[in-house]
Amino acid sequence: MSTKCRLSVVADNAHVVDGLTKTFAKAERPLEVLIECDTGAKRCGVQSAEEALVLGRLIHNASGLSLGGLMTYPPMGDQGSCK
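Here goes a summary of the coordinates provided. (Residues numbered from 1 in each chain as written. Predicted model: local features only at pLDDT ≥ 70, side-chain atom pairs only at ≥ 80, totals over all residues. Heavy atoms only, no water.)

## Brief notes about the nonpolar core
In this structure, V17, V33, I35, V46, L55, I59 and L65 are the most contacted members of the largest nonpolar core, which totals 13 residues. Of all elements in the fold, only helix 1 (14-24), strand 2 (31-37) and helix 2 (49-61) reach the threshold of two or more residues within this core. Once residues within four sequence positions are removed from consideration, L55 is found in contact with A11, D12, N13, A14, V17, I35 and V46. (Core = buried A, V, L, I, M, F, W, Y, C linked by side-chain atoms within 4.5 Å. Buried < 20%, exposed > 50% of the residue type's maximum accessible area, 1.4 Å probe, protein only. Helix = DSSP H or I, 4+ residues; strand = E, 2+ residues; numbered from the N terminus. Contact = heavy atoms within 4.5 Å.)

## Some points on the pattern of salt bridges
Inspection of every chain in the model, using the stated rule, returns 1 salt bridge. The closest approach of N and O atoms between E32 and R6, which form a salt bridge, is 2.9 Å. With a gap of 26 residues between them, E32 in strand 2 and R6 in the segment before strand 1 (8-11) connect regions that are remote in the sequence. (Salt bridge = Lys/Arg side-chain N within 4 Å of Asp/Glu carboxyl O.)

## A few points about the sheet that holds strand 3 (residues 65-72)
An order of 1-2-3 is seen for the 3 strands of this open sheet, with the pairing classed as parallel. Only two strands of the sheet have a single partner each, and these edge strands are strand 1 and strand 3. Strand-to-strand twist in this sheet, taken as the mean axis angle between neighbours without regard to direction, amounts to 35 degrees. Two elements, strand 2 and strand 3, share 7 bridges in a ladder whose sense is parallel. Bridged to C37 within strand 3 is T72. Packed on one face of the sheet, helix 2 meets strand 1, strand 2 and strand 3 and runs near 170 degrees to strand 2. (Pairing = 2+ DSSP bridges. Axes fitted to C-alpha atoms, helices over the stretch in contact; angles between N-to-C directions.)

Treat this as a map of the structure, not an account of what it does.
Structure below.
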């Protein structure tokens, strides 16, 4: 089967990962999951490195999922600044 698109999703809690696991456990290819991190935008996402580590381990050990990395949005007002 040829790949027509690459799909990635984000998760910021175990409940989301559990739902994805139930859906993709028997998929032909694993679903790439990024951990959403809150870096000050106050949108959503894990709040600490420890939470990201726990969630990353959960994704890594889940059937049908693969850990794709981290995803974040920069806080508004800090556009263009690197600190």
